[in-house]
Amino acid sequence: MSSKMNTDNLLFPTPEGLYCPIGDFHIDPVRPVQRALITHGHSDHARAGHGAVLASRETLEIMRIRMGEGFCRTEQVAMPGETIDIAGVRVSFHPAGHVLGSCQIRVEHAGTRIVASGDYKRSLDPTCAAFEPVACDVFITEATFGLPVFRHPDPLGEIRKLLASLAQFPDRTHFVGAYALGKAQRVIALLRQAGYDKPVYMHGALVRLCEFYQAEGIDLGELRVAVEEEKADFRGAVVVGPPSAFSGVWMRRFADPLPAFASGWMMVRQRARQRGVELPLVISDHCDWPELTATIRDIMPGEVWVTHGREEALVRWCELQGIAARPLHLVGYEDEGDA
Ligand SMILES: [Zn+2]
């Protein structure tokens, strides 16, 4: 077990994000820095304008798709499990189960091991590698759904609700709002897993990311772009689009749209009502409370640091288990963004 002194010197919060002074790098910095290690491609973690970026191959590709060439000065691929030496700090990337290419980052120096998990989840997701528990002295976790009331149902069960609605309302266009990176592809892959084999229509904003997922060997079945001129043909079809399209006029151009929305926040009735969601689908790319606590039990780190979300409840839970814990109060990571 390492001393508190060692862990605090190895990695600590700064306004830019988590910083390792020995290796002179930041993890998921929210402002431009010289050297950034990126856990995954969501826009609150992966930003443009850094000097050097180290990330998984998939995350680098996703950053290029979303931000264009020149999103950083130099890039380096972190292969799964490969150890990379940065000024004497040993760094390795391990699957986080959050979206395609998402990784936890393990940082080791002088026998002290810290794992920064970024965003992660444990539930079924056919579109990315499953979370791997990594032994460490300090486990850094988010707590987006860090309250005991947050318990996400089986995602396939939620998809069956969508299929039941399609059977019940065969003339209505089922419009599923889903975040463009990860959630949209997961919803489509789960539909396929549940046996839905008709074409799925997608909003234009999803095309490049869906194509990338398919090029990476993730089976999304037949996808078609939802072209507005042909809107009359969408009766009984599933159209997946980003939340921005969902709240705008785009969706209302379709015949008798039935608005669905896939998010962990759909557990909260009020949020579904506010968005005018008729069919809430509780499908989250973050851990719920049982997943958070089970993960900490799996890893049994010496200490837990909680980055963002509902930090206090998880810190208290850790302390009750005899695990030292504290909130880091990192700013710049969204609650709503990709939940
Ligand atoms: Zn994320």
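Residues numbered from 1 in each chain as written. Predicted model: local features only at pLDDT ≥ 70, side-chain atom pairs only at ≥ 80, totals over all residues.

Draft legend 1. Geometry of the overall build of the chain. Across its full length, the chain holds 10 helices and 19 strands. For 339 residues, the compact-globule estimate of 2.2 N^0.38 gives 20 Å, and the C-alpha radius of gyration of the chain, at 20 Å, lies within 12% of that figure. Considering only C-alpha atoms, the chain reaches an extent of 65 × 45 × 30 Å along its principal axes. Expressed as a percentage of its 339 residues, the buried residues of the chain come to 49%. Considering only contacts within the chain whose residues lie at least 6 apart along the sequence, 60% involve residues at least 24 apart. (Helix = DSSP H or I, 4+ residues; strand = E, 2+ residues; numbered from the N terminus. Rg over C-alpha atoms; globule rule 2.2 N^0.38 Å. Buried ≥ 20, exposed ≤ 12 C-beta atoms within 10 Å, placed from the backbone. Contact = placed C-beta atoms within 7 Å.)

Draft legend 2. Fine view of the domain arrangement of the chain. Along its sequence, the chain is organised into domain 1 (4-149 + 286-327) and domain 2 (155-281). One C-alpha centre belongs to domain 1, the other to domain 2, and the line joining them spans 30 Å. At the interface, 16 residues of domain 1 touch 16 residues of domain 2. Of the residues that constitute the side of domain 1 that touches domain 2, the class distribution is seven nonpolar, six polar and three charged. (Domains from an automatic or database assignment. Nonpolar A, V, L, I, M, F, W, Y, C, P; charged D, E, K, R; others polar.)

Draft legend 3. The arrangement of the nonpolar core in detail. Ile114, Val187, Val240, Ala260 and Leu281 are the most contacted members of the largest nonpolar core, which totals 95 residues. Considering each element in turn, this core owes the most residues, six residues, to helix α4 (residues 183-193). When sequence neighbours within four positions are dropped, the list of residues in contact with Ile114 reads Thr7, Leu10, Leu11, Val107, Cys136, Asp137, Val138 and Ile140. (Core = buried A, V, L, I, M, F, W, Y, C linked by C-beta atoms within 7 Å.)

Draft legend 4. View of helix α3 (residues 155-168). A rise of 1.5 Å per residue sets the reference length of α3, with its 14 residues, at 20 Å; its end C-alpha atoms lie 20 Å apart and thus fit the reference within 8%. Taken as a whole, α3 has its buried residues at Pro155, Glu158, Ile159 and Leu162. Buried residues of α3, seen end-on, are gathered within an arc of 100° and therefore sit on one face of the element. Exposed and facing more than 90 degrees away from the buried side of α3 are Gly157, Ala164, Ala167 and Gln168. Against β12 (173-177), α4, β16 (257-262) and β17 (279-281) lie the buried residues of α3. (Expected span 1.5 Å × (residues − 1). Arc of directions from axis to C-beta.)

Draft legend 5. Quick peek at the sheet that holds β17. Taken together, the six strands give an open sheet; going across it, the order is β14-β13-β15-β12-β16-β17, and neighbouring strands pair in parallel fashion. Here the strands that pair on one side only, and so sit at the sheet edges, are β14 (223-225) and β17. The sheet shows a mean angle of 30° between the axes of neighbouring strands, direction not considered. Examined bridge by bridge, strand β13 (residues 200-202) and β14 share three bridges and lie parallel to one another. Among the inter-strand pairings, Val200 is bridged to a residue of β14, identified as Leu223. (Pairing = 2+ DSSP bridges. Axes fitted to C-alpha atoms, helices over the stretch in contact; angles between N-to-C directions.)

Draft legend 6. Molecular detail of the environment of Leu54. As for its placement among the helices and strands, Leu54 is situated in strand β5 (residues 50-55). Leu54 sits in the buried class, given 24 other C-beta atoms within 10 Å. Measuring from C-alpha to C-alpha, the distance between Leu54 and Leu37 comes to 4.8 Å, with 17 residues separating the pair along the chain. Aside from chain neighbours lying at most four places away, what touches Leu54 is Leu37, Gln76 and Ala78.

Draft legend 7. Just the pairing of strand β18 (residues 303-309), in detail. Of all seven residues in β18, six are buried; the element is thus mostly enclosed. Across four bridges, the pairing between β18 and strand β19 (residues 324-327) is parallel. Bridge pairing in β19 places Trp305 opposite Arg326. Remark: the β18/helix α10 (residues 311-320)/β19 crossover connection has right-handed handedness. (Right-handed = clockwise from strand over helix to strand, strands pointing away.)

Draft legend 8. Just the packing of α3 against α4, in detail. It is at 9 Å that the axes of α3 and α4 come closest, and there the two elements cross at 80°. Taken as axis vectors, α3 and α4 run roughly perpendicular relative to one another. Together, Pro155, Leu156 and Ile159 of α3 and Leu190, Leu191 and Gln193 of α4 make up the contact between the two elements. The residue makeup of the contact of α3 with α4, split by class, is five nonpolar, one polar and no charged. (Parallel < 35°, antiparallel > 145°, perpendicular 65-115°, else oblique.)

Draft legend 9. Examining unusual backbone geometry more closely. The backbone of Asp24 sits at a positive phi, close to 50°, despite the residue not being glycine. Secondary-structure assignment places Asp24 in the loop between β2 (17-20) and β3 (25-27). For Asp24, a count of 13 C-beta atoms within 10 Å puts it in the partly exposed group. The backbone phi angle of Ala110 is positive, close to 50°, even though this residue is not glycine.

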